[in-house]
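# Fold and geometry: a report
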Amino acid sequence: MELLSIGAFARASGLSPKALRLYDQLGLLPPADVDRVSGYRRYAPEQLEQARLVAWLRRLGMPLAGIQRVCALGRAEAAEEVRAFWARIEAETAARRGLAAFLVGHLSREESIMSATAQPLEIRCAGLSDTGLVRESNQDAVYAGSRLLAVADGFGDRGAPASGAAVEVFKGLEGDDCPAGSLLEVLEEAVERAGRAVHEIAGSSAPDRSEVGTTLTAMLWTGSRLALVHIGDSRAYLLRDGELFQITHDHTVVQTMLDEGRITPEEAASHPQRSLLVRALTGGGGATADIRLHEARQGDRYLVCSDGLSTVVPVERMRRVLRTAGEPARAVAELVALANRAGGPDNVSCGVADVVALGC
């Protein structure tokens with residue numbers, strides 16, 4: 001079959017001649033023939049399918065290294081790679097959406113308008129931690145104050161002091177009145193201080209300091225919003241209008257595999273690596289927490305919990321308790337009891353916060 005000139009191939013594939021020369025240099029799309037004297041490139045018509053795939057993947061925003069991987073795979077494996085790439089893009093977009101909404105509101109002076117017209121709100125909190133029925137010690141930490149709800153799940157031979165230190169750092173924020181514009185900076189600073197505290201606790205207790213650490217999920221009340229800080233596999237949920245929503249994303253190997261479409265939700269529930277973390281506050285340092293803000297409404301109920309609850313109690317049973325239990329103290333007691341009735345295989349800690357009208 002007659003070969004196509006680089007110009008004709010560019011028009012047919014949707015790639016520019018300049019891009020085709022680059023992809024030749026990278027070995028991604030080498031021409032079928034190169035003239036020894038002029039260096040002129042010519043392409044076979046059957047190369048058009050791969051060239052068009054490259055063009056589509058570039059429009060999708062995939063880096064060249066990823067495109068090379070996709071082009072080297074069979075069709076089924078390539079489809080999985082594209083699905084995994086897009087799952088990562090969606091996860092990153094979701095993580096930035098809360099920050100964008102906050103900045104839009106802040107820059108448009110939404111904060112001052114809301115404070116002048118909205119009914120003043122506050123939160124009522126309760127927290128409870130239990131060793132469970134199997135573990136000999138409790139490495140969880142929980143705190144429920146006037147403005148802060150936090151839970152941390154420590155691991156390693158100094159997991160208990162690690163979780164306690166992380167929560168202690170955030171307790172110090174309760175008395176601070178920081179402007180809305182600097183709130184995210186304050187929270188990022190607190191995460192860094194919590195990381196340093198865990199690093200000091202880890203010391204030389206383990207050959208690898210990253211073997212000692214803690215998860216952290218905390219919610220700080222800011223007047224009309226709840227600021228959420230999250231790292232690890234503890235969770236935060238929102239009960240609104242009778243429906244329960246998970247508002248955090250697990251930082252685990254299994255959740256990453258689930259996001260990438262490599263396993264199903266059913267496989268994730270029983271996967272042997274379901275508790276293996278990819279992000280946490282550790283003695284090794286360097287981890288980044290998710291930080292965002294949630295608009296609160298009167299009647300909202302928030303739950304933060306360690307995985308000792310979420311891995312053994314189905315979401316529907318948690319929702320039923322959160323809907324029917326009156327006071328936050330009763331809700332946390334019933335949730336801990338549910339985890340222990342399910343075998344209590346791990347420490348279990350949870351905190352519940354109700355958003356109510358100020359003074360009620």
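Residues numbered from 1 in each chain as written. Predicted model: local features only at pLDDT ≥ 70, side-chain atom pairs only at ≥ 80, totals over all residues. Heavy atoms only, no water.

## Some remarks on the sheet that holds strand 2 (residues 33–34)
Spatial ordering of the open sheet is given by 1-3-2, a layout of three strands whose pairing is antiparallel. The strands lining the two open edges of the sheet, one partner per strand, are strand 1 (4–5) and strand 2. In this structure, strand 2 lies alongside strand 3 (residues 41–43), joined through two bridges in antiparallel fashion. Within strand 3, the position partnered with aspartate 33 by the bridge is arginine 42. (Pairing = 2+ DSSP bridges. Helix = DSSP H or I, 4+ residues; strand = E, 2+ residues; numbered from the N terminus.)

## Structural notes on unusual backbone geometry
Of note, the phi angle at aspartate 241 is positive, near 55 degrees, even though the residue is not glycine. Considering the arrangement of structural elements, one finds aspartate 241 in the loop between strand 10 (235–240) and strand 11 (243–246).

## Here we look at helix 7 (residues 159–171)
Compared with the 18 Å implied by 1.5 Å per residue over 13 residues, the 19 Å span of helix 7 between its first and last C-alpha is a close match. Here helix 7 has its buried residues at Gly159, Ala162, Ser163, Ala165, Ala166, Val167, Val169 and Phe170. (Expected span 1.5 Å × (residues − 1). Buried < 20%, exposed > 50% of the residue type's maximum accessible area, 1.4 Å probe, protein only.)

## Here we look at the pairing of strand 11
Each regular strand carries side chains that alternate between the two faces of the sheet. As paired elements, strand 10 and strand 11 share four bridges and run antiparallel to each other. Each residue of the ladder has a partner; that of arginine 240, found in strand 11, is glutamate 243. Hairpin connection of strand 10 to strand 11: two residues between the antiparallel strands, including aspartate 241 at a positive phi of 55 degrees.

## Thoughts on the side chain of serine 163
Locating serine 163 in the fold gives a position in helix 7. Since its relative accessible area comes to 0%, serine 163 is described here as buried. A distance of 2.8 Å separates a polar side-chain atom of serine 163 from the backbone oxygen of glutamine 139. For serine 163, the contacting residues outside a window of four places in its chain are Gln139, Asp140, Ala141, Ala152, Asp153, Gly154 and Thr214. (Polar contact = N/O pair within 3.5 Å; in protein donor to acceptor, adjacent residues only side chain to side chain. Contact = heavy atoms within 4.5 Å.)

## With respect to the environment of methionine 219
Along the chain, the position of methionine 219 falls in strand 8 (residues 216–221). Residue classification places methionine 219 among the buried positions, given a relative accessible area of 2%. For the pair methionine 219 and histidine 294, spaced 75 residues apart in the sequence, the C-alpha separation amounts to 9.6 Å. If we skip the residues at most four places from it in the chain, methionine 219 touches Arg147, Leu148, Leu149, Leu226, Ala227, Leu228, Ile247, Tyr302 and Val304.

## Let's talk about the nonpolar core
Among the nonpolar cores identified, the biggest contains 27 residues, and Phe170, Leu187, Val191, Leu216, Leu220, Val229 and Leu281 are the most heavily contacted of them. Only strand 6 (148–155), helix 7, helix 8 (183–202), strand 8, strand 9 (225–231) and strand 13 (290–295) provide two or more residues apiece to this core. Tallying contributions element by element places helix 8 first for this core, with seven residues. Sequence-distant contacts of valine 191, that is, excluding residues within four places in its chain, are made with Phe170, Val229, Leu281, Ala289 and Ile291. Judged by nonpolar contacts, the second largest core, of 21 residues, contains Met318, Leu322, Leu335 and Val336. (Core = buried A, V, L, I, M, F, W, Y, C linked by side-chain atoms within 4.5 Å.)

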